[in-house]
Amino acid sequence: MLRSTPLLAPCPSRVFSSGLVISTLWSAPVLAQDTNATQGASELVLWLSGLLVAVMVYMLAYGLRQALFAWQRMWGRTRYPYAGVVQADWPQVTVFVAAHNEEAVIAQSLQALVTSDYPHERMRIVVVNDRSSDGTAAIVDQWVARHPDRVQAFHRRGGKPGKAAALKDAMVQAQGDIALVFDADYTPAPGLIRQLVVPFFDPEVGAVMGRVVPRNAGTNLLTRLLELERAAGYQVDQQARMDLHGVPQYGGTVGGVRLSALRAVGGWHDDVLAEDTDITIRLLVAGWKTVYNNEATCHEEVPEEWPVRLRQVQRWARGHHQVMLRHSLALMRSPTVTWQERLDGLLLLGIFLNAPLMLLGWGLVLGLYYLHGFDAVGQWIPAFALVLQACLGTFAVFMHTTFAVLLDGHRERLRLLPLQGASFLASLPVMTRALLGALLDQITRREIVWAKTRRYATKVNP
Amino acid sequence: MNDLLLWSLLLLTVTTVLLVLPFYPAWSEWRRPRDRQAQAVDPPAALDTGPRALQLAPGACFNTVHARHLMLGSGAMPAPSAQPTLQRWQPPAGARPWGLHGWHIGHHLDIPANQLVPCSLVVRGRLRALGPGRIEGDIKARDGLHLGPGTKLQGNLFCEGDIWLDAGCSVSGLVMAEGSLHLAPGVVIGTPQHPVSVCADVMDVHGPVLVHGSVQARIRGSVACA
């Protein structure tokens, strides 16, 4: 599933960040002169100041990115050239439904899929029942018995845990060159399969991603905040990357991959937590495009409890860091990648670094204060206060959310915007912990443990 | 002393109000939601194959038209010319294999006349096929695409820029240009058995042109007067 990055990836606005950077650069020599106590302390202050400048430059880059995306979506031209394709010689497609203990939701997902308007004889549904211990297998078998020519079961009783590992094993069931993937809690509309298949007629396209909207948005405050976050992530972030020829991200569900492209880049890797980001970047490095279709919309469930939400964020962040550590260098060196894609790809990979770097920035300022850089810190405090204000008040991410909600026509929902700060603060330590976890994973080469997100079996109110 | 206390209390009150005030709309929306329904998922438009046959006269303007047999412009379609003997095309140096059976070319590509291209092509530049000739696969070009007179394409055609299809070209698959699409007399797109979509921002048709399926000009489509 796509990481809905804006809320999790806060960036100070350009003006305030620039103020702090200039202030820091200006005060570094002052610090060096003022700390007469010891030469060592002076050098430490200088180093810490430099580090703070680096952090702020990094945040500034994201601030600019967010502002550019928001600008593009409000005033730029929407790019989706495949929109006019309604008639074609539709290819064979296999729809994989990843299921692990999904008895609460799997039936409604299959019901939605078998009512698709895609030519029935060219669409095969494969339910990847990955080591379920509840009633999922029985429900799936009933559906196979009811639609033997359309639904197949792939019961996986052992092997490595995780969606990527399960999909890797299930790919032997694929028919045709296009594999679409849905999670078991997704209920695709009748025309969705067609919408997702269309871009694959383009021989340069390796993956396609649709838009996800929460089905249980109105359940409680958390789901309402997540609805805002998802809107920003898809309506603004993903579509702007599509518009600007950047790197739209394949999100692992409500999307698909070209199997020949997938094989060419080494297939699914079962040792990653974020198989979707991993595939997006490996396809990009090899020259394949990922296309985002904002009109191909599908309902999903979002977490209704904070612990579930935080575990989900931690898994996303850790998986993202893992991909960043593995593929950043290859992305930099790839000869087939344009400069926009390279830049956007790197910023995409680094998106979950924002939270730990922001914490680091706060720590650096406090540290410098206690290292007796009073004069310099005295100059920083107003700038830092402005950055804090910008972080929690006028973040570019809030601009993203605002524009997304306006584009979706839900103006009233904007009233919840100030409370997004709470969600952000809750995610800060989790994302920082995820970074440390990913670094340890890389160093110790320990096995990654997959954590499933809880389902609630919510139905959409008519 | 009392003054100091009062001023402190006033300052505290003002500060608290200023801090809390922005959260009031959020609090009110949380307690008494005005818009908490799940976002509606709009179903895509139903498949519309349109009438069996339709003709757009010279001078007609259009955006979206569907028909099994859609004639753009007037006059008789030129008879297809005899296909000359074709030579098998060889990929240029630096090309790399792409997908199931294709080649990826990282620069402009010119295909000489009388060539048989037995594969798909992804060109990171401009592609020009002089024609006549035959291409048995899909084509994607980034900067512009020009199929010369009498070129037959058995696949889909995509371009991030403009596409020119010269007289007597035929394309059996989709045609999609992010820029403009120029169709010369005698162009045939799609087949009666497999109708396809043709889309571009601007479509400039010099008829007669035959399309089996649908055409969509996002900004403007026009059939030139004879």
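Predicted, not measured: the structure shown is a model, and the values here were computed from it.

J.: Describe the overall build of chain A, and please don't skip the residues or the numbers.
T.: When helices and strands are tallied, chain A shows 16 helices and eight strands. Within chain A, the fraction of its 462 residues that count as buried is 55%. Of all intrachain contacts in chain A linking residues separated by at least 6 positions in sequence, the fraction that spans at least 24 positions is 85%.

J.: An account of the overall build of chain B is needed here, citing residue identities and associated values.
T.: On a plain count of helices and strands, chain B comes out with two helices and 21 strands. In terms of overall size, chain B is more extended than a compact globule, its C-alpha atoms giving a radius of gyration of 29 Å where 226 residues would be expected to give roughly 17 Å. Taken along its principal axes, the extent of the C-alpha atoms in chain B is 105 × 45 × 30 Å. Residues classed as buried in chain B amount to 41% of the 226 residues present.

J.: So, the sheet that holds strand 7 (residues 255-258) of chain A: which residues are in play, and what are the values?
T.: Two orientations exist for strands paired in a sheet by backbone hydrogen bonds: parallel and antiparallel. Residue and element names in this part refer to chain A. Taken together, eight strands build an open sheet; the order of strands is 3-2-1-4-7-6-8-5 and the sheet is mixed. At either margin of the open sheet sits one strand with a lone partner, and together these are strand 3 (151-156) and strand 5 (187-188). Packed on one face of the sheet, helix 8 (residues 221-243) meets strand 6 (205-214) and strand 8 (289-300) and runs near 150° to strand 6.

J.: Provide a residue-level description of the nonpolar core, including the pertinent values.
T.: By size, the foremost hydrophobic cluster in this structure holds 169 residues, and its most contacted members are A:Val95, A:Phe96, A:Val97, A:Val128 and A:Leu167. Filtering out sequence-adjacent residues up to four positions away, A:Val97 remains in contact with A:Ser109, A:Ile125, A:Val127, A:Val128, A:Phe182 and A:Ala184.

J.: Please provide a residue-by-residue account of the packing of helix 11 (residues 306-333) of chain A against helix 12 (residues 339-349) of chain A, values included.
T.: All names here are of chain A. Where helix 11 contacts helix 12, the two axes come as close as 9 Å, and the packing angle between them is 160°. Our classification of the angle between helix 11 and helix 12 gives roughly antiparallel. When you trace helix 11 past helix 12, the crossing you get is left-handed. The residues of helix 12 that touch helix 11, namely those facing His320, Val323, Met324, Ser328, Leu331 and Met332, are Arg342, Gly345, Leu346 and Leu349.

J.: Outline the domain arrangement of chain B, listing residues and values.
T.: Think of interface size as the accessible area that goes away when the parts come together; that is how it is often given. Examined at the domain level, chain B breaks down into domain 1 (2-31) and domain 2 (53-223). Distance from the C-alpha centre of domain 1 of chain B to the C-alpha centre of domain 2 of chain B: 67 Å.

J.: Summarise the environment of B:Ala167; cite the residues concerned and give the values.
T.: All names here are of chain B. By the secondary structure assignment, Ala167 is in the loop between strand 15 (163-165) and strand 16 (170-171). As for Ala167 and His182, which are separated by 15 residues in sequence, their C-alpha atoms are 11 Å apart. Sequence-distant contacts of Ala167, that is, excluding residues within four places in its chain, are made with Pro149, Ala184, Pro185 and Gly186.

J.: Give me the interface of chain B and chain A: which residues, what numbers.
T.: Listed as interface residues are 42 residues of chain B and, on the opposing side, 43 residues of chain A. When contributions to the side of chain B that touches chain A are tallied by element, the ones reaching two or more residues are helix 2 (24-31), strand 5 (102-105), strand 8 (120-123), strand 20 (196-205) and strand 21 (209-223) of chain B. If you tally residues by element for the side of chain B that touches chain A, the top one is helix 2 of chain B, at five residues. Counted by class, the side of chain B that touches chain A contains 19 nonpolar, 14 polar and nine charged residues.

J.: Report on the domain arrangement of chain A, specifying residues and quantitative values.
T.: Residues and elements named next belong to chain A. Each assigned domain of chain A is listed here: domain 1 (5-60 + 352-444) and domain 2 (81-349). Those elements giving two or more residues to the side of domain 1 that touches domain 2 turn out to be helix 1 (5-8), helix 15 (396-408) and helix 16 (420-444). Here the element with the most residues in the side of domain 1 that touches domain 2 is helix 16; it accounts for 13 residues. Looking at the side of domain 1 that touches domain 2 residue by residue, the class counts come to 17 nonpolar, eight polar and four charged.

J.: For helix 6 (residues 163-170) of chain A, give the residues involved together with the corresponding values.
T.: In terms of burial, helix 6 of chain A is largely enclosed, as six of its eight residues are buried. Tucked into the core, helix 6 of chain A has its buried residues touching strand 1 (93-99), strand 2 (123-130), strand 3, strand 4 (178-183) and helix 10 (275-285) of chain A.

J.: Summarise the packing of helix 11 of chain A against helix 16 of chain A; cite the residues concerned and give the values.
T.: All names here are of chain A. Two elements in contact, helix 11 and helix 16, have axes whose closest approach is 8 Å; the angle formed by their N-to-C orientations is 40°. The pairing of helix 11 with helix 16 is recorded here as oblique in orientation. Pair helix 11 / helix 16 crosses with right-handed handedness. Between helix 11, through Trp306, Leu310, Val313, Gln314, Ala317, Arg318, His321, Gln322 and Leu325, and helix 16, the contact on the second element is made entirely by Ala426, Ser427, Val430, Met431, Arg433, Ala434, Leu435, Gly437, Ala438, Asp441 and Gln442. Residue classes in the contact of helix 11 with helix 16 are distributed as 11 nonpolar, six polar and three charged.

J.: Would you mind going over the environment of B:Gly75 in detail, with residue names and values included?
T.: For B:Gly75, the location among the structural elements is in the loop between strand 2 (61-72) and strand 3 (87-88). C-alpha separation for the pair B:Gly75 and B:Gly186, spaced 111 residues apart in sequence, amounts to 9.9 Å.

J.: Tell me about the confidence of the model for chain B, residues and numbers included.
T.: Mean pLDDT over chain B works out to 90, with 96% of the residues at or above the 70 mark. The complex prediction reports pTM at 0.86, with the ipTM value standing at 0.89.

J.: Give me the lowdown on unusual backbone geometry, citing residues and values where you can.
T.: All names here are of chain A. Of note, the phi angle at Asn101 is positive, near 55°, even though the residue is not glycine. Structurally, Asn101 is set in the loop between strand 1 and helix 4 (106-114). Its 18 C-beta neighbours within 10 Å are what place Asn101 among the partly exposed residues. The backbone of Val254 sits at a positive phi, close to 50°, despite the residue not being glycine.

J.: An account of the environment of B:Val209 is requested, with residue identities and associated values reported.
T.: All names here are of chain B. With respect to the secondary-structure elements, Val209 resides in strand 21. On the neighbour-count criterion, Val209 (25 C-beta atoms within 10 Å) is buried. It is 5.8 Å that separates the C-alpha atoms of Val209 and Met71, two residues lying 138 residues apart in sequence.

J.: Which residues make up the pairing of strand 2 of chain A, and what values do they have?
T.: Residues and elements named next belong to chain A. Here strand 2 lies mainly inside the structure; seven of its eight residues are buried. Where strand 1 meets strand 2, seven bridges bridge the pair, whose relative direction is parallel. Note that in strand 2 the partner of Val93 across the bridge is Met123. Viewed along the sheet, the connection from strand 1 through helix 4 into strand 2 turns out right-handed. Following the backbone out of strand 2, through helix 5 (residues 136-146) and into the adjacent parallel strand 3, one traces a crossover that is right-handed.

Procedures and definitions
- Residues numbered from 1 in each chain as written.
- Chains lettered and ligands numbered in written order.
- Predicted model: local features only at pLDDT ≥ 70, side-chain atom pairs only at ≥ 80, totals over all residues.
- Helix = DSSP H or I, 4+ residues; strand = E, 2+ residues; numbered from the N terminus.
- Buried ≥ 20, exposed ≤ 12 C-beta atoms within 10 Å, placed from the backbone.
- Contact = placed C-beta atoms within 7 Å.
- Rg over C-alpha atoms; globule rule 2.2 N^0.38 Å.
- Pairing = 2+ DSSP bridges.
- Axes fitted to C-alpha atoms, helices over the stretch in contact; angles between N-to-C directions.
- Core = buried A, V, L, I, M, F, W, Y, C linked by C-beta atoms within 7 Å.
- Parallel < 35°, antiparallel > 145°, perpendicular 65-115°, else oblique.
- Left-handed = near helix turned anticlockwise from the far one by under 90°.
- Domains from an automatic or database assignment.
- Nonpolar A, V, L, I, M, F, W, Y, C, P; charged D, E, K, R; others polar.
- pLDDT = per-residue confidence, 0-100.
- Right-handed = clockwise from strand over helix to strand, strands pointing away.

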